[in-house]
Amino acid sequence: MKKLSVVVAGTGQIRDIEIQPGTTAGDVLHQLNLSDYLLSKGPNEPFFAATESIYDKVKDGEKIFASTKAEVGLTVCA
Amino acid sequence: MRVKDLGTRPAPASLLQVFERMMRGHAPAIPIERRQIPYWQEHGWKRSGNIYEGSYQTPYVAFQGWIEQQRSGYVDFYIYNPSREIRGHSHWTCFQHRGNEWYLVHMARKPKDVSSGIITIERLITEAYQS
(Lines give C-alpha, C1' and ligand atoms only; values in the text may rest on other atoms or scores of the structure.)
Protein backbone atom coordinates (compact mmCIF):
# COMPACT_ATOMS: atom_id res chain seq x y z
CA MET A 1 0.00 0.00 0.00
CA LYS A 2 1.17 3.53 -0.74
CA LYS A 3 -0.21 6.76 0.56
CA LEU A 4 -0.64 9.65 -1.83
CA SER A 5 -1.86 13.20 -1.60
CA VAL A 6 -3.83 14.27 -4.63
CA VAL A 7 -3.87 18.05 -5.04
CA VAL A 8 -6.82 19.36 -7.02
CA ALA A 9 -5.07 22.13 -8.96
CA GLY A 10 -8.05 24.45 -9.29
CA THR A 11 -8.88 24.64 -5.61
CA GLY A 12 -5.74 23.45 -3.90
CA GLN A 13 -7.82 20.90 -2.01
CA ILE A 14 -5.75 17.92 -0.90
CA ARG A 15 -7.28 14.43 -0.97
CA ASP A 16 -5.34 11.77 0.89
CA ILE A 17 -5.62 8.29 -0.58
CA GLU A 18 -4.09 4.87 -0.22
CA ILE A 19 -3.49 2.74 -3.29
CA GLN A 20 -2.72 -0.92 -3.89
CA PRO A 21 -0.59 -2.43 -6.64
CA GLY A 22 -2.41 -2.24 -9.95
CA THR A 23 -4.39 0.88 -9.13
CA THR A 24 -4.85 2.93 -12.29
CA ALA A 25 -5.09 6.70 -12.69
CA GLY A 26 -8.70 6.15 -13.74
CA ASP A 27 -9.43 4.26 -10.51
CA VAL A 28 -8.13 7.18 -8.47
CA LEU A 29 -10.06 9.80 -10.41
CA HIS A 30 -13.24 7.75 -10.30
CA GLN A 31 -12.92 7.18 -6.56
CA LEU A 32 -12.38 10.89 -5.98
CA ASN A 33 -15.24 11.88 -8.29
CA LEU A 34 -12.87 13.81 -10.54
CA SER A 35 -14.17 12.43 -13.81
CA ASP A 36 -13.08 15.30 -16.04
CA TYR A 37 -9.57 15.47 -14.62
CA LEU A 38 -6.16 14.05 -15.43
CA LEU A 39 -3.47 12.99 -13.00
CA SER A 40 0.19 13.89 -13.25
CA LYS A 41 3.21 14.15 -11.02
CA GLY A 42 3.43 17.85 -11.88
CA PRO A 43 3.26 20.36 -14.71
CA ASN A 44 6.52 19.13 -16.20
CA GLU A 45 5.55 15.50 -16.20
CA PRO A 46 3.21 13.79 -18.66
CA PHE A 47 -0.33 12.91 -17.69
CA PHE A 48 -1.04 9.36 -16.59
CA ALA A 49 -3.32 7.53 -18.98
CA ALA A 50 -6.60 6.45 -17.39
CA THR A 51 -5.72 2.78 -17.72
CA GLU A 52 -2.13 3.20 -16.56
CA SER A 53 -1.16 1.60 -13.27
CA ILE A 54 0.38 4.33 -11.15
CA TYR A 55 1.51 2.24 -8.17
CA ASP A 56 5.05 1.70 -9.44
CA LYS A 57 5.37 5.25 -10.73
CA VAL A 58 4.76 7.07 -7.48
CA LYS A 59 6.52 7.07 -4.16
CA ASP A 60 4.85 6.51 -0.83
CA GLY A 61 3.77 9.87 0.54
CA GLU A 62 4.12 11.66 -2.79
CA LYS A 63 2.00 14.59 -3.88
CA ILE A 64 0.41 14.33 -7.32
CA PHE A 65 -1.83 16.73 -9.21
CA ALA A 66 -5.29 16.51 -10.69
CA SER A 67 -6.05 19.12 -13.30
CA THR A 68 -8.87 19.51 -15.78
CA LYS A 69 -8.33 18.45 -19.35
CA ALA A 70 -7.07 21.22 -21.60
CA GLU A 71 -5.21 21.35 -24.88
CA VAL A 72 -3.49 24.12 -26.73
CA GLY A 73 -4.72 24.30 -30.30
CA LEU A 74 -5.16 20.96 -32.03
CA THR A 75 -8.63 21.09 -33.58
CA VAL A 76 -8.21 24.60 -34.94
CA CYS A 77 -4.49 25.21 -35.10
CA ALA A 78 -2.33 22.18 -35.53
CA MET B 1 39.11 -15.06 39.61
CA ARG B 2 38.62 -14.04 36.03
CA VAL B 3 36.93 -10.66 36.60
CA LYS B 4 38.59 -7.97 38.62
CA ASP B 5 36.45 -5.03 39.80
CA LEU B 6 38.33 -1.83 39.05
CA GLY B 7 35.69 0.48 40.58
CA THR B 8 33.44 3.00 38.82
CA ARG B 9 34.00 6.17 36.87
CA PRO B 10 31.60 8.77 35.47
CA ALA B 11 30.25 8.12 31.98
CA PRO B 12 31.18 10.59 29.27
CA ALA B 13 28.76 13.51 28.89
CA SER B 14 27.83 12.50 25.34
CA LEU B 15 26.74 9.04 26.52
CA LEU B 16 24.71 10.55 29.38
CA GLN B 17 22.90 12.78 26.91
CA VAL B 18 21.93 9.76 24.81
CA PHE B 19 20.51 8.00 27.89
CA GLU B 20 18.67 11.12 29.01
CA ARG B 21 17.07 11.41 25.59
CA MET B 22 16.01 7.75 25.70
CA MET B 23 14.48 8.17 29.16
CA ARG B 24 12.58 11.30 28.16
CA GLY B 25 11.12 9.69 25.02
CA HIS B 26 9.94 11.61 21.98
CA ALA B 27 8.20 14.94 22.37
CA PRO B 28 4.64 14.87 21.04
CA ALA B 29 4.55 15.32 17.27
CA ILE B 30 3.36 18.69 16.08
CA PRO B 31 0.95 18.29 13.19
CA ILE B 32 1.88 20.71 10.44
CA GLU B 33 -1.14 21.91 8.56
CA ARG B 34 -0.84 21.70 4.81
CA ARG B 35 -1.64 24.75 2.78
CA GLN B 36 -4.57 24.05 0.52
CA ILE B 37 -4.27 26.78 -2.05
CA PRO B 38 -4.86 26.72 -5.80
CA TYR B 39 -1.91 26.04 -8.07
CA TRP B 40 -1.93 29.58 -9.47
CA GLN B 41 -1.59 31.04 -6.00
CA GLU B 42 1.05 28.55 -4.91
CA HIS B 43 3.09 29.54 -7.95
CA GLY B 44 3.07 33.23 -7.20
CA TRP B 45 0.32 34.48 -9.49
CA LYS B 46 -1.53 37.54 -8.23
CA ARG B 47 -5.23 38.05 -8.74
CA SER B 48 -6.99 41.34 -9.15
CA GLY B 49 -10.67 40.82 -9.89
CA ASN B 50 -10.86 38.66 -13.00
CA ILE B 51 -7.24 39.28 -13.99
CA TYR B 52 -4.30 37.13 -12.93
CA GLU B 53 -0.67 38.13 -13.37
CA GLY B 54 2.35 35.93 -12.91
CA SER B 55 4.65 33.65 -14.82
CA TYR B 56 4.52 30.26 -16.46
CA GLN B 57 7.32 28.36 -14.75
CA THR B 58 9.27 25.37 -15.98
CA PRO B 59 12.67 23.89 -15.06
CA TYR B 60 14.05 25.49 -18.23
CA VAL B 61 12.60 28.96 -18.34
CA ALA B 62 9.79 31.18 -17.10
CA PHE B 63 7.60 33.50 -19.14
CA GLN B 64 5.59 36.45 -17.96
CA GLY B 65 1.88 36.00 -18.40
CA TRP B 66 -1.55 37.29 -17.64
CA ILE B 67 -4.92 35.64 -17.64
CA GLU B 68 -8.39 37.00 -18.02
CA GLN B 69 -11.34 35.08 -16.65
CA GLN B 70 -14.36 36.22 -18.61
CA ARG B 71 -17.88 36.41 -17.24
CA SER B 72 -18.92 33.65 -19.60
CA GLY B 73 -16.51 31.34 -17.81
CA TYR B 74 -13.97 31.30 -20.63
CA VAL B 75 -10.42 31.95 -19.63
CA ASP B 76 -7.91 33.67 -21.92
CA PHE B 77 -4.22 32.98 -21.39
CA TYR B 78 -1.54 35.40 -22.56
CA ILE B 79 2.20 34.93 -22.69
CA TYR B 80 4.85 37.58 -23.21
CA ASN B 81 7.53 37.30 -25.84
CA PRO B 82 7.63 33.54 -26.45
CA SER B 83 11.11 32.25 -27.20
CA ARG B 84 12.54 30.68 -30.35
CA GLU B 85 11.96 27.24 -28.82
CA ILE B 86 8.23 27.90 -28.39
CA ARG B 87 8.03 29.36 -31.89
CA GLY B 88 9.44 26.07 -33.14
CA HIS B 89 6.81 23.98 -31.34
CA SER B 90 4.15 22.26 -33.42
CA HIS B 91 1.47 24.34 -31.65
CA TRP B 92 3.07 27.71 -32.40
CA THR B 93 0.18 28.50 -34.77
CA CYS B 94 -2.08 28.48 -31.71
CA PHE B 95 -0.29 31.56 -30.36
CA GLN B 96 -2.08 34.62 -31.67
CA HIS B 97 -0.15 37.89 -31.65
CA ARG B 98 -2.00 40.63 -29.80
CA GLY B 99 0.57 43.40 -30.02
CA ASN B 100 3.58 44.46 -27.95
CA GLU B 101 4.93 40.91 -27.95
CA TRP B 102 1.90 39.57 -26.09
CA TYR B 103 0.39 36.39 -27.45
CA LEU B 104 -2.99 34.80 -26.73
CA VAL B 105 -2.69 31.04 -26.34
CA HIS B 106 -5.60 29.46 -28.13
CA MET B 107 -7.06 26.48 -26.32
CA ALA B 108 -8.90 23.93 -28.43
CA ARG B 109 -10.03 22.26 -25.25
CA LYS B 110 -10.53 24.89 -22.62
CA PRO B 111 -9.52 24.19 -19.04
CA LYS B 112 -12.21 24.50 -16.40
CA ASP B 113 -10.04 26.55 -14.11
CA VAL B 114 -7.12 28.94 -14.29
CA SER B 115 -4.70 26.54 -12.61
CA SER B 116 -5.28 23.76 -15.12
CA GLY B 117 -4.63 26.22 -17.97
CA ILE B 118 -1.35 27.36 -16.42
CA ILE B 119 -0.28 23.73 -16.02
CA THR B 120 -1.16 23.04 -19.67
CA ILE B 121 0.90 25.97 -20.93
CA GLU B 122 3.81 25.08 -18.65
CA ARG B 123 3.71 21.55 -20.01
CA LEU B 124 3.78 22.90 -23.59
CA ILE B 125 6.77 25.14 -22.78
CA THR B 126 8.59 22.17 -21.24
CA GLU B 127 7.89 20.10 -24.36
CA ALA B 128 9.23 22.89 -26.55
CA TYR B 129 12.50 22.89 -24.62
CA GLN B 130 12.80 19.12 -24.53
CA SER B 131 12.35 18.62 -28.26
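All values reported here derive from a predicted model rather than from experimental measurement. (Residues numbered from 1 in each chain as written. Chains lettered and ligands numbered in written order. Predicted model: local features only at pLDDT ≥ 70, side-chain atom pairs only at ≥ 80, totals over all residues.)

Caption draft 1: Examining the nonpolar core more closely. Among the nonpolar cores identified, the biggest contains 39 residues, and V6(A), A9(A), L39(A), A66(A), V105(B), I118(B) and I121(B) are the most heavily contacted of them. The element that contributes the greatest number of residues to this core is helix α4 (residues 114-130) of chain B, accounting for 7 residues. Apart from residues lying up to four places away in sequence, I121(B) is in contact with V72(A), Y56(B), F77(B), I79(B) and V105(B). (Core = buried A, V, L, I, M, F, W, Y, C linked by C-beta atoms within 7 Å. Buried ≥ 20, exposed ≤ 12 C-beta atoms within 10 Å, placed from the backbone. Helix = DSSP H or I, 4+ residues; strand = E, 2+ residues; numbered from the N terminus. Contact = placed C-beta atoms within 7 Å.)

Caption draft 2: Spotlight on helix α1 (residues 13-24) of chain B. Residue and element names in this part refer to chain B. A rise of 1.5 Å per residue sets the reference length of α1, with its 12 residues, at 16 Å; its end C-alpha atoms lie 16 Å apart and thus fit the reference within 8%. Counting buried residues along α1, only 0 of its 12 residues qualify, which leaves the element largely exposed. Among the residues trailing α1, G25 stands out with phi positive, at a value near 80°. (Expected span 1.5 Å × (residues − 1).)

Caption draft 3: Just α4(B), in detail. Between its first and last C-alpha atoms α4(B) spans 24 Å; for 17 residues at 1.5 Å apiece the expected length is 24 Å, and the two agree. Counted residue by residue, α4(B) has 14 buried out of 17 residues, so it is predominantly covered.

Caption draft 4: Looking closely at the pairing of strand β1 (residues 2-8) of chain A. Residue and element names in this part refer to chain A. As paired elements, β1 and strand β2 (residues 14-19) share 6 bridges and run antiparallel to each other. When the sheet's bridge partners are listed, K2 is paired in β2 with I19. Hairpin connection of β1 to β2: 5 residues between the antiparallel strands, including G12 at a positive phi of 85°. As defined by bridge partners, β1 adjoins strand β4 (residues 62-68) across 5 bridges and the pair is classed as parallel. Residue pairing across strands places V7 opposite F65, the latter belonging to β4. (Pairing = 2+ DSSP bridges.)

Interpretation in functional terms is not warranted from these geometric data alone.
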